[in-house]
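Below, each chain spelled out in residue letters.
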Amino acid sequence: MVVAFKVICVDQGEWAVLAVSGELDLMTSPTLRQRLHDVVAEGRHSVVLDLSEVFFCDSSGVGVLIAARRLIRSCQGSLRLILPARGAVDGSHVNRVLGALGVRRLFDVYPGLEEAVTEDAGPLSA
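Per chain, the residues get numbers from 1 upward, laid out in the order the sequence is written. Selection of residues for local features in this predicted model requires a pLDDT of at least 70, selection of side-chain atom pairs for listing and counting requires 80 or more, and totals for whole chains, interfaces and linings are taken over all residues. Side-chain metrics in this entry use all non-hydrogen atoms of the structure; hydrogen atoms and water are not considered.

A few words now on the packing of helix H1 (residues 29-41) against helix H2 (residues 59-74). Angles here are taken between N-to-C directions and fall from 0 to 180 degrees, while the axes themselves are lines fitted to C-alpha atoms, restricted in helices to the stretch in contact. Going along the chain from the N terminus, every DSSP run of H or I of four or more residues is numbered as a helix, and every run of E of two or more is numbered as a strand. Running from amino to carboxyl end, H1 crosses H2 at an angle of 10 degrees, the nearest separation of the two axes being 9 Å. Between H1 and H2, the interaxial angle falls into the category roughly parallel. Side by side, H1 and H2 meet where Ser29, Leu32, Arg33, Leu36, His37 and Val40 of the first sit next to Ser60, Gly61, Val64, Ala67, Ala68, Leu71 and Ile72 of the second. The nonpolar class holds Ala, Val, Leu, Ile, Met, Phe, Trp, Tyr, Cys and Pro. Asp, Glu, Lys and Arg form the charged class, and all remaining residues, Gly among them, are polar. Here the contact of H1 with H2 is built from residues that sort into eight nonpolar, four polar and one charged. Roughly parallel means an angle under 35 degrees; roughly antiparallel, over 145; roughly perpendicular, 65 to 115; everything else is oblique. Any pair of residues with heavy atoms lying within 4.5 Å of one another is described as a contacting pair.

Dropping the structure here:
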């Protein structure tokens, strides 16, 4: 079964929300990297990456997330990740990968879109 990789960008107030689905790996991570660069080049520096539908992430995907954090911080912007605590089996795969690599603490993580685009909402603890 082949699952298509998709990145859909929608505006949610001041936030550019990139909803990502499929596998984030060596073959697909350049697509996400390019979409992020396009959004920032358009002047959007408040970005939410909705990774709730990403069911696999390898080191190249993690590299894109870290590079996105660096890029957006260089523009004095904000990057927020949506990584739900509950997933198909035992939570978000991306959440587990970031935690295992010890880099989850680098990101502001939210359980859903509503929380991620609300200024008063605080991120989940690392």
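Structure shown, so let's carry the discussion forward.
The next point concerns the pairing of strand E3 (residues 46-57). By this definition, two strands are paired if DSSP reports at least two bridges between them. Inspection of the sheet shows strand E2 (residues 15-24) paired to E3 by eight bridges, in the parallel sense. Residue glutamate 23 lies in a different strand from E3, and its bridge partner there is phenylalanine 56. If the strands point away from the viewer and the path from the first strand over the helix to the second runs clockwise, then the crossover is right-handed. The parallel pair E2 and E3 is bridged by H1, and the resulting crossover is right-handed. Alignment of E3 against strand E4 (residues 78-82), held across five bridges, turns out to be parallel. Within E4, the position partnered with leucine 49 by the bridge is leucine 81.

On to the sheet that holds strand E1 (residues 6-12), then. Spatially, five strands are ordered E1-E2-E3-E4-E5 in an open sheet, and the strand pairing comes out mixed. Among the strands making up the open sheet, the edge pair consists of E1 and strand E5 (108-110). Averaged over all pairs of adjacent strands, the angle between their axes in this sheet comes to 25 degrees, without regard to strand direction. Docked against the sheet, H1 engages E1, E2 and E3, running at close to 175 degrees with respect to E2.

Attention now moves to the nonpolar core. Most often, soluble globular proteins have nonpolar side chains that are buried together. Among buried residues, the Ala, Val, Leu, Ile, Met, Phe, Trp, Tyr and Cys ones that are joined through side-chain atoms within 4.5 Å form a nonpolar core. Only protein chains enter the accessibility calculation, which uses a 1.4 Å probe; a residue is then buried when its area is under 20% of its type maximum, exposed when over 50%, and partly exposed in between. Core analysis: the biggest nonpolar cluster contains 29 residues, and Leu32, Leu49, Leu51 and Leu98 have the highest contact counts within it. Going through the elements one at a time, E2, H1, E3, H2, E4 and helix H3 (93-101) are the ones with two or more residues in this core. Discounting chain neighbours no more than four positions away, the residues touching leucine 51 are Val20, Leu65, Leu81, Ile82, Leu83 and Val94. Within the second largest apolar cluster, seven residues are counted, among which are Trp15, Ile82, Ala116 and Val117.

Quick look at the pattern of salt bridges now. Salt bridges are counted wherever a side-chain nitrogen of Lys or Arg sits within 4 Å of a carboxyl oxygen of Asp or Glu. A full pass over the atoms with the stated rule returns one salt bridge. For aspartate 11, the salt bridge is made with arginine 44, and the minimal N-O distance between the two is 2.5 Å. Here arginine 44 lies in the loop between H1 and E3 and aspartate 11 lies in strand E1, a separation of 33 residues in the sequence. In this structure aspartate 11 comes out as exposed when scored by relative accessible area, which is 52%.

Taking 1.5 Å of rise per residue, the 13 residues of H1 would be expected to cover 18 Å, and the 18 Å separating its terminal C-alpha atoms lies within 8% of that figure. Here the buried face of H1 lies against E1, E2, E3 and H2. With its phi angle positive at about 95 degrees, glycine 43 sits one or two positions after the end of H1. In this scheme, a helix's expected span is set at 1.5 Å multiplied by one less than its residue total.

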